[in-house]
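Examining the three-dimensional arrangement
Read off the chains here:
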Amino acid sequence: MRVSKFFMPVLRDAPREAEIVSHRLMLRAGMIRQSGAGIYSWLPTGLRVLDNISRIVREEQDRAGAIELLMPTLQSADLWRESGRYDAYGAEMLRITDRHKREMLYGPTNEELITQIFRDGAHSYRDVPRTLYHIQWKFRDEIRPRFGVMRGREFLMKDAYSFDLTPEDAKKSFNRQFVAYLRTFERMGLTAIPMQAETGPIGGDLSYEFIILAKTGESEVFCHRDLLDLKAPENVDYDSDLEPLMAPWLEKYAATEDVHDAARFADEVPQDRQVSARGIEVGQVFLFGTKYSDPMKCQVQGRDGKLVTLHSGSYGIGVSRLVGAIIEASHDERGIVWPASVAPFKVGLVNLKAGDSATDKACESLYEQLDNAGLSVLYDDTGERAGAKFKTMDLIGLPWQVIVGPRGVKAGLVELKNRASGETTEIGIDEVVNRLVATQTG
RNA sequence: CGGGGCAUGGCGCAGUCUGGUAGCGCACCUGGUUUGGGACCAGGGGGUCGCAAGUUCGAAUCUUGCUGCCCCGACCA
């Protein structure tokens, strides 16, 4: 993409309403614009990040055996009356009436709808286990939206729902999502720690929140420091017993403030390993048994011909929240520092002297080569001064900058700058593409 | 929902107390000089001052009502 043909309205000053760093940087980098309290438009640069995050989520869900579908944003009130939640949900649910005076709602979550769909489509024990997911916009009419996209009212979420014959099988489905989450967040450059969370009213329910530590986190969390150094499992066989893979996370203390047990914390975690910090919740996994399949009669016939009520769990990842969360975890005083996996472009190509024929030619050639090599590249081909281009590139935080000026071109050299480290190296103009391709596979 | 604050070109702000021709910086357009970390000079374009009533010869400014947005708290992916 050429800057001269792109739409990326960057701001030198952040709008006054933005307080936290991720919100300020997203506005300044031209990723989003606010259209109402907790409601945002995603501009091209922001959308590219959102899509990258969705792609990673999707890949890991698919890998874990979950099956994608897409449910609507609008749902019927009657469906929610079946589960008893229409009245229970309260003001957080945005209720809408259509022209025929039918009561509708903008879905805050999809347990009811997926249960209805699965109930109607699955009839035999052969139809389970299944885990279905979609990535769709949700609306929760929060009392107070804040922190930009981290607590919007409208937000993009991946939500998965598992259906199993027995509680034991349901736990296996739960485990698959749990491991997929470890991998998903790690691929985004995040250290997300599963922490015990409020289990809700039904005893025996199981819930973990996946939390990343950040100064601007909304809740207080407590954990063992060793958890910060764990690496997500690779080459997972999702059909195998996953409990051993999960064990390193589950053996050490980690809890949100809701369920924090100060005595246990002090007892189980050595003083110098105790972490108490602020955390951002980026995902939650929840096993709730027959909470919805009971009232909604989500049943299949077992081998013996008898009806069996299915056991379920739901598993959410805040996709749009992750955009903000990643920035909270990865930025410096100059701007965003994108992990390569989610960056809107991998490489920023900076033409220091647009209009100089040798420099233009070198840039055009590099632009084409990078593109051919499959590296997304943002080429600043505008007539801006060098300083302004550097500032913008640092602000939007692409992992690599290739800086091309007349002096270097004459000597056959360009500069390769790593945004994260700030390190700049001179490199042959013929080598730079290969070097960048090599970093991709790393 | 309780408490606090803000609303003036795209963004950041001044002007409001004390009513009198709507201003500054950035961004944008034109020309020129520049050109390796947000250049300079000159000339331009763009705002019914959140909305509605009221007071007044006259309202961004005073009064009343409304709306929107932000921050702190309780609640949430």
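These numbers were taken from a predicted model, which means no experiment stands behind them. (Residues numbered from 1 in each chain as written. Chains lettered and ligands numbered in written order. Predicted model: local features only at pLDDT ≥ 70, side-chain atom pairs only at ≥ 80, totals over all residues. Heavy atoms only, no water.)

1. Re the domain arrangement of chain A
The test is simple: As used throughout, domain bounds are those supplied by an automatic or database domain assignment. In this description, buried area is defined as the sum, over both parts, of the accessible area (probe of 1.4 Å) that is lost when the two are combined. The salt bridge definition used is simple: a Lys or Arg side-chain nitrogen within 4 Å of an Asp or Glu carboxyl oxygen. Here a polar contact means two N or O atoms within 3.5 Å. Within protein one must be a hydrogen donor candidate and the other an acceptor candidate, and residues neighboring in sequence count only if both atoms are side-chain atoms. Residues are grouped as follows: nonpolar covers Ala, Val, Leu, Ile, Met, Phe, Trp, Tyr, Cys and Pro; charged covers Asp, Glu, Lys and Arg; every other residue, Gly included, is treated as polar.
Assigned domains within chain A: domain 1 (3-71 + 110-335) and domain 2 (347-441). For domain 1 and domain 2, the distance between their C-alpha centres works out to 36 Å. For the pair domain 1 and domain 2, the two sides together bury roughly 990 Å², of which 63% comes from carbon and sulfur. The largest share of the area that domain 1 buries against domain 2 comes from Val3, Met8 and Arg334, three residues that together contribute 47% of it. Our count for the contact surface shared by domain 1 and domain 2 stands at two salt bridges. Measuring nitrogen to oxygen at the nearest pair gives 3.1 Å for the salt bridge that ties Arg334 to Asp394. Here domain 1 and domain 2 share four residue pairs in polar contact (both at pLDDT 80 or more) between them. The residue inventory of the side of domain 1 that touches domain 2, partitioned by class, reads seven nonpolar, two polar and four charged.

2. Some details on unusual backbone geometry
Excluding glycine, most residues fall at negative phi; most peptide bonds, likewise, are trans. Defined as follows: Runs of E in the DSSP output that reach at least two residues are strands. Runs of H or I that reach at least four are helices, and both are numbered from the N terminus. For the exposure calls, accessible area comes from a 1.4 Å probe over protein chains only, and a residue counts as buried if that area is under 20% of its type's maximum, exposed if over 50%, partly exposed in between.
The residue after Val128, namely Pro129, is reached through a cis peptide bond having omega 0°. Structurally, Pro129 is set in the loop between α5 (111-121) and β7 (130-139). Positive phi, normally seen in glycine, also occurs at Lys101, with a value near 65°. If you trace the backbone, Lys101 turns up in the loop between β5 (94-97) and β6 (103-106). Taking the relative accessible area as the measure of exposure, Lys101 reaches 67% and is therefore exposed. At Lys297, a residue that is not glycine, the phi angle is positive and equals roughly 50°.

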